[in-house]
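Here's the letter readout for the chains.
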Amino acid sequence: MTWQYNPQRGDITDPDTPIEQTSLGYDAYAYYGGDLIAESICKKNGPLLAAAPDMLAVLKSMQSVDDDPMANGDPRRVKLLAAIRKAEGGQ
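An account of the accompanying structure is given in this report. Quick caveat, the model's predicted, so the values are computed rather than measured.

A separate point is the overall build of the protein chain. The number of helices and strands found in the protein chain is three helices and three strands. Each helix (α) and strand (β) of the protein chain, taken in turn from the N terminus, gives the series β-β-α-β-α-α. Out of the 91 residues belonging to the protein chain, those deemed buried represent 21%. A fraction of 39% describes how many contacts in the protein chain between residues 6 or more apart in sequence connect residues 24 or more apart. Surface summary for the protein chain: the accessible area is close to 6600 Å², and the carbon and sulfur share equals 56%.

The structure is reproduced here in structure tokens:
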């Protein structure tokens, strides 16, 4: 998944999500250049939001490393796992 930020329009799109030309919303898909994720994004937050899927993938890969220096009691590991839960809709 690659989200893209367009600072001129202030939106984030997913150009990798396919959509049928006959589908409802295809005009918007064509206009934005992909599936619209968010709009009216503050310019300073756009790049961060567009990178969110990539950052989540890295965090998830870090939690499964066997020789992880962040042992279970490490506060950084607790924060890492909490961030993953939050990104996936948990608390």
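A volume near 170 Å³ is recorded for the largest pocket. Taken together, Trp3, Leu49, Ala52, Pro53, Met55, Leu56, Leu59, Ala83 and Ala87 form the lining of the largest pocket. Contributing elements (two or more residues each) for the lining of the largest pocket: helix H2 (46-63) and helix H3 (75-87). For the lining of the largest pocket, the element with the highest residue contribution is H2, accounting for six residues. Of the residues belonging to the lining of the largest pocket, the class tally is nine nonpolar, no polar and no charged.

The next point concerns the pattern of salt bridges. In this structure the tally under the stated criterion is two salt bridges. Residue Arg9 pairs with Asp11 through a salt bridge whose shortest N-O separation is 2.5 Å. The exposure class assigned to Asp11 is buried, which follows from its relative accessible area of 1%. Two residues, Lys60 and Glu88, come together in a salt bridge whose shortest N-O distance is 2.7 Å. One end of the pair, Lys60, is in helix H2; the other, Glu88, is in the segment after H3, with 28 residues separating them in the sequence. Using a relative accessible area of 49% as the deciding quantity, one classes Glu88 as partly exposed.

Definitions and cut-offs
Residues numbered from 1 in each chain as written. Predicted model: local features only at pLDDT ≥ 70, side-chain atom pairs only at ≥ 80, totals over all residues. Heavy atoms only, no water. Helix = DSSP H or I, 4+ residues; strand = E, 2+ residues; numbered from the N terminus. Buried < 20%, exposed > 50% of the residue type's maximum accessible area, 1.4 Å probe, protein only. Contact = heavy atoms within 4.5 Å. Areas by Shrake-Rupley, 256 points an atom, 1.4 Å probe, with all protein chains shown as cover. 1 Å grid on protein atoms, 1.4 Å probe; cavity = no way out; pocket = protein on both sides within 12 Å on 5 of 7 lines; lining within 4 Å. Points joined across faces, edges and corners; volume = space filled by probe spheres on them. Nonpolar A, V, L, I, M, F, W, Y, C, P; charged D, E, K, R; others polar. Salt bridge = Lys/Arg side-chain N within 4 Å of Asp/Glu carboxyl O.

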